[in-house]
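One letter stands for each residue in the lines below.
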Amino acid sequence: MKYRIGQGYDVHALAENLPMWLGGVRIEGTVGFVAHSDGDVAIHALCDALLGALALGDIGKHFPDTSEEFRGIDSKELLRRTMEMLRSLRWSVANVDITIALQSPKIGSYVPQMCSTLASVMDIDVECVSVKATTTERLGFVGRKEGCEVWAVALLQRED
């Protein structure tokens, strides 16, 4: 098989006085994500998509939130390690597409930096990284500003 596709999903609750990291970028504001790691829900969904494409399980299997090794870890490091796994199996990333649902703060102005940061960590062209920001029109837990959810899709190609 020359190509594999994976889909990832993650969600984190929001709380006051925590840092917010999304797509490897620090988002200014007064709320952040409740998490064992730095809570970068976008990178977590992306790791799940990459791992899922190769049927390697999910982020929790490889980087469990019960391990002190990963307490407070920069999620970019989790993405680097995920990429090492893929490369060791002779796969590379063709492209990724990420959708972030967050009512506030507004993150549209951060999207180019997220794309650049993620491309750099994965060592791929920035044109191969898509990040989109949306709200849920004030519906559900995202709309009530209780949390954030992210969907990611990754297309991998076999290195021959």
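Now for a quick tour of the structure. (Residues numbered from 1 in each chain as written. Predicted model: local features only at pLDDT ≥ 70, side-chain atom pairs only at ≥ 80, totals over all residues. Heavy atoms only, no water.)

Further remarks concern the pattern of salt bridges. What the rule picks out here adds up to nine salt bridges. Among the ionic pairs, Arg81 bridges to Glu69, the shortest N-O distance being 3.1 Å. Of the two residues, Arg81 is situated in helix α3 (residues 75-88) and Glu69 in the loop between α2 (59-62) and α3; the sequence distance between them amounts to 12 residues. Overall, the relative accessible area of 26% leaves Arg81 in the partly exposed class. Classification of Glu69 by relative accessible area gives exposed; the value is 51%. Its salt-bridge partner being Asp74, residue Lys76 comes within 3.0 Å of it at the nearest N-O pair. Given the relative accessible area of 13%, Lys76 is considered buried. You can call Asp74 partly exposed: its relative accessible area is 33%. (Salt bridge = Lys/Arg side-chain N within 4 Å of Asp/Glu carboxyl O. Helix = DSSP H or I, 4+ residues; strand = E, 2+ residues; numbered from the N terminus. Buried < 20%, exposed > 50% of the residue type's maximum accessible area, 1.4 Å probe, protein only.)

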